[in-house]
Amino acid sequence: MEIYSRIDEPQRRLSKDAVKVWLLSETIGNVIGFVILGGLFYLDFLFSWKVWISWILLGITVISLVGAIWSWISPFLLYKNWRYDVDEEFLQLKSGALIEVHQLVPMTKIQSVTTKQGPLLRKYGLCSVSIETIGSSHTIPALSKDVAVTLRNQIAYYAKIKEVES
C-alpha cells in the first residue's frame, strides 16, 4: 500500500546571479586569508622565527591555494545542482554535487518563513528564503527578490502561518 503518491523531482532553479554572489563572497574570503598569510610570512622573515614555523606557514599556504581553487569551482556545481519546489503538501529541496541531498519538508511542520538579504545579495537584487521547522531550518540561498517574496508568501499560505502583531 502506497502512502504518498509519486513525488516528482523539484524543477525550480536559483537565480543565475547566485554564481556571481558566491564567487564574490569566496574571493573576498580568500583575499583576506592570503593577506593574513602574507603578513605572517613577513613577520617570519622580520623576526626570524623558528624553521618549523616557516614549514607550517608553507603547508597552510598550499592547503589555502587548493581551497581557493575549489572555492572558484564549487559555485558552478552548487548552481547546477540546486533545485526547489513547493506545493500544498511539501517544500522540496535538492542540492549537492558529490552527495545529493533531497529534502521533503511537510507544510504542516513549517513554523516560520523569512527572506534575508545581505550586502552582496542586495547588490544583485537577490534574497535568500529561510524556512524554520520545529527541529531544523532550511535555506533557499539566492532567488530574485520578487521570486523570494512570492515564494515566502506561498509557503506561509500553504503552511497556514498567521502574521503575529506585536
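The structure we're discussing is the one just above.
Residues numbered from 1 in each chain as written. Predicted model: local features only at pLDDT ≥ 70, side-chain atom pairs only at ≥ 80, totals over all residues. Heavy atoms only, no water.

(A) Representation of the overall build of the protein in the model. Each helix and strand counted, the protein has four helices and six strands in total. Reading the protein from its N terminus to its C terminus gives the helix and strand order α-α-β-β-β-β-α-β-β-α. Relative to its length of 166 residues, the protein is extended, with a C-alpha radius of gyration of 21 Å against a globular reference of 15 Å. Looking at the protein as a whole, 30% of its 166 residues qualify as buried. For the protein, the exposed surface amounts to about 11,200 Å²; the carbon and sulfur share of it is 62%. Across the protein, the centroid of the 17 positively charged side chains sits 6 Å from that of the 15 negatively charged ones. (Helix = DSSP H or I, 4+ residues; strand = E, 2+ residues; numbered from the N terminus. Rg over C-alpha atoms; globule rule 2.2 N^0.38 Å. Buried < 20%, exposed > 50% of the residue type's maximum accessible area, 1.4 Å probe, protein only. Areas by Shrake-Rupley, 256 points an atom, 1.4 Å probe, with all protein chains shown as cover. Lys, Arg positive; Asp, Glu negative; His and termini not counted. Charge placed at Lys NZ, Arg CZ, Asp CG, Glu CD.)

(B) The arrangement of the sheet that holds strand E5 (residues 126–133) in detail. Read from one edge of the open sheet, three strands run E4-E5-E6, paired in antiparallel fashion. Two strands bound the open sheet, and with one partner strand each, they are strand E4 (110–116) and strand E6 (137–144). Within the sheet, the average angular offset between the axes of one strand and its neighbour, ignoring direction, is 15 degrees. Summarising the sheet, E4 and E5 pair through six bridges and their orientation is antiparallel. (Pairing = 2+ DSSP bridges. Axes fitted to C-alpha atoms, helices over the stretch in contact; angles between N-to-C directions.)

(C) The packing of aromatic side chains, seen in detail. Counted under the stated rule, the structure contains one aromatic pair. Summarising the aromatic geometry, the rings of Tyr 157 and Tyr 158 are spaced 6.0 Å apart at their centres and angled 55 degrees between planes, so their arrangement reads as tilted. For Tyr 157, a relative accessible area of 65% translates into the label exposed. In this arrangement the basic side chain of Lys 123 is found over the ring face of Tyr 124, its NZ or CZ atom lying 5.4 Å from the centre. (Phe/Tyr/Trp six-rings, centres within 6.5 Å; stacked < 30°, edge-to-face > 60°. Lys NZ or Arg CZ within 6 Å of the ring centre and 35° of its normal.)

(D) Just a nonpolar patch on the surface, in detail. A cluster of nonpolar residues, Ile 28, Ile 32, Ile 36, Leu 40, Tyr 42, Leu 43, Phe 45, Leu 46, Phe 47 and Trp 49, forms a patch on the protein surface that exposes about 1,000 Å² of accessible area. With respect to the element layout, Leu 43 can be found in helix H1 (residues 17–47). Under the relative-accessibility criterion, Leu 43 is labelled partly exposed at 31%. (Patch = residues over 30% accessible without salt bridge, like charges linked within 9 Å, V, L, I, M, F, W, Y side chains within 5 Å. Salt bridge = Lys/Arg side-chain N within 4 Å of Asp/Glu carboxyl O.)

(E) Region of interest: the sheet that holds strand E3 (residues 101–106). With antiparallel pairing, the three strands of this open sheet are ordered in space as E1-E2-E3. Both edges of this open sheet fall to strand E1 (83–86) and E3, since each of them pairs with a single strand only. Neighbour-to-neighbour, the strand axes of the sheet open up by a mean angle of 10 degrees, direction not taken into account. Pairing analysis gives four bridges linking E1 to strand E2 (residues 90–95), with the strands arranged antiparallel. Paired with Val 86 across the bridge in E2 is Leu 91. Its contacts with the sheet place helix H4 (residues 145–159) against E1 and E2, and it is angled at close to 45 degrees to E1. (Contact = heavy atoms within 4.5 Å.)

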